[in-house]
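Here is how the chains run, residue by residue.
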Amino acid sequence: MPMTQEPQSIISNKAPEPVGLYPHARRVGNLLFLSGVGPRERGTKAIPGVELDDAGNITVYDIEKQCHSVFNNVKNILEESGASWNDLIDVTVFLTNMKDDFPVYNKLWAQYFAENPPCRTTIEINCLPTPIAIELKCIAQLK
């Protein structure tokens, strides 16, 4: 019987700190499963393109800045895990405002994945754990 490799948890030194008890990614065999990745930046609770009022409510946000930041965070986690952007095979995208944000996100997606895009599912949800407008859940194949 072949030996199976134990799942390996991965914590990135470049991605934002998790908001709960979970790794940035988990490797099982040749598959890499990323936890939900948002646009926050490491070492700060600030979110690119987001302004909050004193009560913590979103007053202004820029979906384009958030998309660039979340894609960068995913790329960093992939690279620190031994994978690359081109190794993504499936991405689930959570948006909090499909009507207003989908056109911008979809345009940027086409730029980032101009060749050989992964499978994609985009879902609108009413909120995320922090005041962000987009989060990605990704699966990659390690080569």
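Small disclaimer: the values here were computed from a predicted structure and weren't measured.

(A) Representation of the overall build of the protein in the model. The helix and strand tally for the protein stands at 2 helices and 8 strands. When the helices and strands of the protein are read in sequence order from the N terminus, they spell out β-β-β-β-β-α-β-α-β-β. With the C-alpha coordinates aligned to their principal axes, the bounding extent of the protein is approximately 60 × 30 × 25 Å. For the protein, with 143 residues in total, the buried portion stands at 38%. As presented, the protein carries roughly 8200 Å² of accessible surface, and 52% of it is formed by carbon and sulfur atoms. Taken together, the 13 basic and 17 acidic charged side chains of the protein have centroids lying 6 Å from each other.

(B) Inspection of the nonpolar core at higher detail. Counting 29 residues, the largest nonpolar core has Leu32, Leu34, Val74, Leu78, Leu88, Ile134 and Leu136 as its most contacted members. It is helix 1 (residues 63-80) that provides the largest number of residues to this core, a total of 7 residues. Setting aside residues no more than four positions away along its own chain, Val74 makes contact with Leu34, Val37, Trp85, Leu88, Leu136 and Cys138. Ile47, Val50, Phe94 and Leu128 belong to the second-largest nonpolar core, a separate cluster that totals 5 residues.

(C) Inspection of the packing of helix 1 against helix 2 (residues 98-112) at higher detail. Packing of helix 1 against helix 2 brings their axes to within 9 Å, and their N-to-C directions diverge by 40°. Seen along the crossing, helix 1 lies across helix 2 with a hand that is right-handed. Residues Ile63, Glu64, Cys67, His68 and Phe71 of helix 1 form the contact with helix 2, whose own contacting residues are Asp101, Val104, Tyr105, Leu108, Trp109 and Tyr112. Residue classes in the contact of helix 1 with helix 2 are distributed as 8 nonpolar, 1 polar and 2 charged.

(D) Structural detail: helix 1. The end-to-end C-alpha distance of helix 1, which contains 18 residues, comes to 26 Å, matching closely the 26 Å that a straight helix rising 1.5 Å per residue would cover. Looking only at helix 1, the buried set comprises Ile63, Gln66, Cys67, Ser69, Val70, Phe71, Asn73, Val74, Asn76, Ile77 and Leu78. Put simply, Asp62 is the residue that caps the front of helix 1, since its side-chain oxygen is 2.9 Å from the backbone nitrogen of Glu64. Immediately beyond the C-terminal end of helix 1, within one or two residues, lies Gly82, with a positive phi of roughly 90°.

Parameters at a glance
- Numbers given for residues are sequential positions, taken from 1 along each chain in its written order.
- Whole-chain, interface and lining totals are the exception, using all residues; otherwise, since this is a predicted model, local features are given only for residues with pLDDT of at least 70 and side-chain atom pairs are given and counted only at 80 or more.
- Remark: hydrogens and water are excluded; side-chain values derive from all non-hydrogen atoms of the structure.
- In DSSP terms, a helix is any run of H or I states spanning at least four residues, a strand is any run of E spanning at least two, and both are numbered starting from the N terminus.
- Only protein chains enter the calculation, and the probe is 1.4 Å; a residue is then buried if its accessible area is under 20% of its type maximum, exposed if over 50%, and partly exposed in between.
- Every accessible area reported is derived by Shrake-Rupley at a probe size of 1.4 Å, with residue values counting cover from the shown protein chains alone.
- Charge assignment in this entry is limited to Lys and Arg as positive and Asp and Glu as negative, and neither His nor the chain termini are counted.
- For charged residues, the charge sits on one atom: NZ in Lys, CZ in Arg, CG in Asp, CD in Glu.
- Among buried residues, the Ala, Val, Leu, Ile, Met, Phe, Trp, Tyr and Cys ones that are joined through side-chain atoms within 4.5 Å form a nonpolar core.
- The contact criterion used is simple: two residues touch if any of their non-hydrogen atoms lie within 4.5 Å.
- All axes are obtained by fitting lines to C-alpha atoms, using only the stretch in contact for helices, and the reported angles, taken between N-to-C directions, cover 0 to 180 degrees.
- A crossing counts as left-handed when the near helix is turned anticlockwise from the far one by less than a right angle, and as right-handed when that turn is clockwise.
- Gly is placed with the polar residues, together with every amino acid not listed as nonpolar (Ala, Val, Leu, Ile, Met, Phe, Trp, Tyr, Cys and Pro) or charged (Asp, Glu, Lys and Arg).
- Here a helix's expected span is defined as the number of its residues, less one, multiplied by 1.5 Å.
- We define a polar contact as two N or O atoms separated by no more than 3.5 Å, with the added condition that, inside protein, one atom must be a possible hydrogen donor and the other a possible acceptor, whereas residues neighbouring each other in sequence contribute only through side-chain atom pairs.

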